[in-house]
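Architecture and fold: a report
Single-letter residue listing:
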Amino acid sequence: MTQTPAAPGPDDGRVGVTIDGREVRVPKGTLVLDAATELGIHIPIYCAHAKLDPVAVCRMCLVHIEKFPKPQPACATTVAEGMVVTTNNAEVTKLREGVLEFLLVNHPLDCPVCDRGGECDLQDFTFRYGPGTSRFPITEKVHFAKALPLSQHIELDQERCILCWRCVRYYDEITGEKEIVLQQRGVQTLVTTFNGEQLKSNFQGNLPEVCPVGALTHREYRFRARPWELQRAPSVCPECSYGCNINADSRDFEIKRFASRDNPLVDDMWLCDRGRYSFPQWNTSERVRRPQLRPRGGEQRDVTAVEAISAAARELRAVVDQHGSGAVGVLGSALNTNEELWLLGRLARDVIGTPHIDHQLEPFEKLDPAEHALGIADIEECDALVVLGAEPEAEAPVLTLRLFKAERKRGARVHRLDHGADPSRIASAVRGAKTIGVIADETNRAHAARVAAAITGGAVRRLTVTRGVNGRGAKDMGVLPGLAAGYRSAPSGKHGREILEAAASGALRALLILGPNPALETAGDVLQRALARADSVVVIDSRPGVCAGAATVLIPGHAFFEKHGTVTNLEGRVQRIRPALPPATPTPTETRVLSSLAAELGARDWDRGEPSAVNRALRAALAPYAAAGNGGRATWVAEAVA
Amino acid sequence: MAEFPLLTKDFGTQDLHERAVYERTGGYQGLREAFKRFTPETLIAEVKTSGIRGRGGAGFPTGTKWSFLPKDVFPRYLCCNADESEPGCFKDRYLIDKSPHQLVEGVLIASYALQVNVAFIYIRGEYRDQRLLLERAVEEARAAGFIGKNILGSGFDCDVIVHGGAGAYICGEETALIDSLEGLRGQPRLKPPFPAVKGLYGQPTVVNNVETLCNLPHIVQRGGEWFKSLGTEGSTGTRLFCCSGHIKKPGTYEMLLGTPIRELLEEECGGMRTGSTLKAFQPGGGSMQVLLPEHVDLPLDMNEVQKAGSSLGAGAMIFMDQDTCLVDVSMRLVDFYQHESCGKCVPCREGTYFESQLMHKLEAGHATPAELATLSDICANMDGRCFCPLGDTATWFVMSAYKHFRDEFEAHCNAGECPVKARARERAA
């Protein structure tokens, strides 16, 4: 087939290229590989990786380009105006067969016992592009170590390794830690750790994902499932407020692994080990399973959900009737979905009529949307970045990788400073930078504000690292004293610790707790006293714990991976979570429980509380959430804040 | 001809490696004249005029290579490639052994032309004696004011650093050399960017062969036009040829380019050994294609030899007689490349291993005709697919030997032993 080069187009920074007879205009500097992908033309790759710089070592992507004497690697050749590329002629077919034959010369061919089977590029491309047989005449393959533990998480099979360098480059380019190195040369080349040490990185769980073959595997996942047996639920990592996108892969009603789901605006496909290896906790069978009534001094008994909700309404109404609506304290959690928190806020303020609602223990003063103005992806646009304390990166580890990317790709300077650092000192350190990011955790919000105010001569944007997967959503939904949903001002109320103290002293007579709330359990003694003293403790929770144990009305909740909803990450990005597991209890979802409770308490206009309907109502009420949709950022203009 | 030989003219002089002796033979005059008569720009132009092509193997015009450096980007670096590792090649060792100062002078002249303030001489790890000689020469030159600040009052500063490699063939490839010099694994880099734009430590870098640089003092002193008058149009000047094999007088001989190969073989090398007749020869070192007796009348000209299907490469002439088994030679060369493959790209790393396994089977007389066909197909799958020329050249000798001596290769199939060796044994008996 002869191909004609594309006619030159307008000078718009794009170039026209013809691949397999089809034309496409792509931005200058685009790789042939990406231009082909744009046309839906598949070019097999091993060493190339969307997030890593090209090295062109595997030679799998060689294509024929007119006017070039030799085949060129599509992964490292940039397009030029009028370039004519062929990926499907006899020459390319033969060279792909040749490269695959070479790759298999010293490969152990142990696919039947390889954990990667089913998602192995070597296996897949050999089926798709490879020769059917091997001509290698000798049984004398080069042998290396198999099943070599590199750490508690990662195992290496050096024989299966095809030396694509991705793991080495991952450490060089993405984390900057350089823990994996190449040793020896020629066919003796092998991948190993530097000095034979164990891997120490907080991001080693990404290695099996960059590895295109079965060389690097998760020790926690090995031999637990075949990829085709997995149910895949696109969700969000529940470990922190960064909101990394994941696929929760389950088999036999158990989550087997968290796999990354590339969102360039958030995680950039990298997960931290804390998040990735947190999956076993969701398989625990220790759960609140049955609704129970445990009247003070009475006998504990199992009831239906409907009965429990009625009992909860009865108890709450009794307290309100006797002591006034201000005698009820309501506590949400940063692990709840936006839908649940939105209903909880309305239930507390509109139905019960109490101002005492919070989702955490500490008071939050002068909440300002500007403290989340710096988006995660914007970090890459900054010339200078100020990180106050170790907490932001300890709280949201993947932030470290974005900071390193800004350093490496843009040459940004990252200043990691103590909390005590003098704002004017910091300001002089970043002088000259045009765009500056200031990143702090929630306890250092005020300091970050002073730092941002002290910096002059550049555009400063702040990012506050919130706590809990939906700590940001809880604030947006108004599960805060004095601020209703959308940061609308509300009558002032008690914050979390004050609610517990007031309950312990008898000033508050009823508590409504929507769990699970691990932060609450750090309150210690005051929590015990509050739960013991209150006349009524209504708890909706999935895990047995201090709160569930002291409930007068206990209603089972649903775990994070058993429900639908949205959560909002630290930069305000609203993201969907989806169930990976069937519910452990047949009781209604939290949104329905809250709606029914509201109805029992006399609310008229509430619907049945399906998460999707609640989400629609929420978006109708909060314009930024309507604009954000699923995956966008909810941004609040300063005026909206009281 | 009075001007010939050029580089090796004074090699008979006792203690030429001493600076004082070298200076007595006219040494460092080229450097003095470069400062006196040339600006860096005119010096580059002069080298361009000379038409000198790189002596390292690829034969790229040196002046053109120099002109690729981007203007106004400093610092720049010069690397002298003394990582001579081509099988059959030993001219750089000879040049350094006999006259290390000639190289140092060439390095300094090139540094002046390129405005380089730090030049490196990357010398092969196995050349320990030569490294010590060079280090001593550099110290002597430094003491005499040829290296350092404000050299000879010219205002030009230059330091020369001798760096020993760790013994890898691939480090003769310019980007692998640069990686090795930076302390990384010696492996070729992805091009572009080319070293002229982004080389050592990310700065513009020129990598030149020892012999190329040794020519510079002479080009400066006698002029580019004069140099161009030597040799042929496409191959100017002289070259050193390392002659080995079944010849009477193996050694390094400087020849005017354009001279017939026959003259090199019969006059300088004294012809084939008694009882030996020429069966084949390799004109450019281990990686180049084999040529036949009919080719000895070719001139020593890069273009002419290329037309015959081979290359003068790094200037290593290996002459083989009738008892040489080309399969055996191929096997040994393939083993060399298999051992020296850096392992970076798949076709070279795995292909040379595959090739080597097949060659061993073939030489032992156990291969089938189908496996011989596989060998040729493997070579086709490697040539032009590799990351750097090492993998490509690992196939060239085998393929050319297979082409010219097909019968010999086929006779090995299922023969149970090497037929050429068996024949030689019979004759001896």
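Just so you know, these numbers come straight off a predicted model, no measurement behind them.

1. Observations regarding helix 5 (residues 91-98) of chain B
Buried within helix 5 of chain B are the following residues: Lys91, Asp92, Leu95 and Ile96 of chain B. Axial view of helix 5 of chain B: buried residues confined to an arc of 130°, hence all on one face.

2. Re the pairing of strand 8 (residues 316-321) of chain B
Residues and elements named next belong to chain B. Most of strand 8 is tucked away, with 6 of its 6 residues classed as buried. With burial as the criterion, each face of strand 8 is covered, one bearing Ala316, Ile318 and Met320 and the other bearing Met317, Phe319 and Asp321. Relative to strand 8, strand 5 (residues 238-245) is paired through 4 bridges, and the arrangement is parallel. The residue of strand 8 that forms the bridge with Gly245 is Phe319. With 4 bridges joining them, strand 7 (residues 278-282) and strand 8 adopt antiparallel strand pairing. By the bridge assignment, Phe281 is partnered in strand 8 with Phe319.

3. Quick look at the layout of surface pockets
Take a probe with the size of a water molecule and roll it over the atoms, and the empty space left behind shows itself. Residues and elements named next belong to chain A. Of the volumes computed, that of the second largest pocket is approximately 860 Å³. As for the second largest pocket, its lining consists of 40 residues, and the residues nearest its centre are His49, Asp121, Arg166, Glu209 and Met269. The set of elements that each furnish at least two residues to the lining of the second largest pocket consists of helix 1 (32-38), helix 3 (121-129), helix 5 (207-210), strand 10 (216-218) and strand 13 (254-260). The element that contributes the greatest number of residues to the lining of the second largest pocket is strand 13, accounting for 4 residues. For the lining of the second largest pocket, the per-class residue count stands at 20 nonpolar, 7 polar and 13 charged. Per-domain counts for the lining of the second largest pocket show at least three residues from each of domain 1 (14-103) and domain 2 (111-283).

4. Let's talk about the domain arrangement of chain B
Residue and element names in this part refer to chain B. Entries for chain B in the domain assignment read domain 1 (19-229), domain 2 (238-321) and domain 3 (326-428). Inter-centroid distance (C-alpha atoms) of domain 1 to domain 2 is 27 Å. On the side of domain 2, 20 residues touch domain 1, which itself brings 15 residues to the contact. Surface buried jointly by domain 1 and domain 2 totals about 1400 Å² across both partners, of which 58% is contributed by carbon and sulfur atoms. Summed over the three residues of domain 1 that lose the most area to domain 2, namely Arg53, Arg55 and Phe90, the buried surface amounts to 32% of that side. At the junction of domain 1 with domain 2, the criterion picks out 0 salt bridges. The interface formed by domain 1 and domain 2 holds 7 residue pairs in polar contact (both at pLDDT 80 or more) in total.

5. Focus: the packing of helix 6 (residues 100-114) of chain B against helix 9 (residues 210-222) of chain B
Residues and elements named next belong to chain B. At a minimum axis separation of 7 Å, helix 6 and helix 9 run at an interaxial angle of 75°. On the basis of their axis angle, the class for helix 6 and helix 9 is roughly perpendicular. On helix 9, the residues touching Gln102, Leu103, Glu105, Gly106, Val107, Ile109 and Ala110 of helix 6 are Val210, Leu213, Cys214, Leu216, Pro217, His218 and Val220. A per-class count over the contact of helix 6 with helix 9 returns 10 nonpolar, 3 polar and 1 charged.

6. Considering the packing of aromatic side chains
Each aromatic ring pair is specified by the distance between its two centres and by the angle formed by the two planes. Under the defined criterion, the tally for this structure stands at 29 aromatic pairs over all chains. Here the aromatic rings of Tyr170 of chain A and Tyr171 of chain A are separated by 5.5 Å at their centres, their planes lie at 55°, and the arrangement is tilted. Since its relative accessible area comes to 0%, Tyr171 of chain A is described here as buried. Taking the centre distance of 4.8 Å and the plane angle of 80° together, the rings of Phe35 of chain B and Tyr112 of chain B count as edge-to-face. With a gap of 77 residues between them, Phe35 of chain B in helix 2 (residues 29-37) and Tyr112 of chain B in helix 6 connect regions that are remote in the sequence. Here Phe35 of chain B matches Tyr112 of chain B in class, with each residue buried. Counting every residue linked through ring pairs, the aromatic cluster contains Phe258, Phe279, Trp282, Phe560 and Phe561 of chain A. The residue whose ring lies beneath Lys475 of chain A is Phe364 of chain A, and the NZ or CZ to ring-centre distance is 4.9 Å.

7. Notes on empty space enclosed by the protein
Tallied over the entire structure, the rule returns 7 cavities of 30 Å³ or more. Counted as a void, the largest cavity has a volume near 160 Å³. Every residue lining the largest cavity is counted, 16 residues in all, and those nearest its centre are Asn106, Phe144, Glu159 and Cys161 of chain A together with Glu350 of chain B. When contributions to the lining of the largest cavity are tallied by element, the ones reaching two or more residues are strand 9 (190-193) of chain A together with helix 14 (346-363) of chain B. A class-by-class count of the residues in the lining of the largest cavity yields 9 nonpolar, 4 polar and 3 charged. Taken as a whole, the second largest cavity encloses approximately 110 Å³ of empty space. Forming the boundary of the second largest cavity are 15 residues, of which Cys161, Cys164, Cys167, Cys211 and Leu216 of chain A lie nearest the centre. In terms of residue class, the lining of the second largest cavity is built from 14 nonpolar, no polar and 1 charged.

Rules and cut-offs
- Residues numbered from 1 in each chain as written.
- Chains lettered and ligands numbered in written order.
- Predicted model: local features only at pLDDT ≥ 70, side-chain atom pairs only at ≥ 80, totals over all residues.
- Heavy atoms only, no water.
- Buried < 20%, exposed > 50% of the residue type's maximum accessible area, 1.4 Å probe, protein only.
- Helix = DSSP H or I, 4+ residues; strand = E, 2+ residues; numbered from the N terminus.
- Arc of directions from axis to C-beta.
- Pairing = 2+ DSSP bridges.
- 1 Å grid on protein atoms, 1.4 Å probe; cavity = no way out; pocket = protein on both sides within 12 Å on 5 of 7 lines; lining within 4 Å.
- Points joined across faces, edges and corners; volume = space filled by probe spheres on them.
- Nonpolar A, V, L, I, M, F, W, Y, C, P; charged D, E, K, R; others polar.
- Domains from an automatic or database assignment.
- Contact = heavy atoms within 4.5 Å.
- Buried area = accessible area lost by both parts, 1.4 Å probe.
- Salt bridge = Lys/Arg side-chain N within 4 Å of Asp/Glu carboxyl O.
- Polar contact = N/O pair within 3.5 Å; in protein donor to acceptor, adjacent residues only side chain to side chain.
- Axes fitted to C-alpha atoms, helices over the stretch in contact; angles between N-to-C directions.
- Parallel < 35°, antiparallel > 145°, perpendicular 65-115°, else oblique.
- Phe/Tyr/Trp six-rings, centres within 6.5 Å; stacked < 30°, edge-to-face > 60°.
- Lys NZ or Arg CZ within 6 Å of the ring centre and 35° of its normal.

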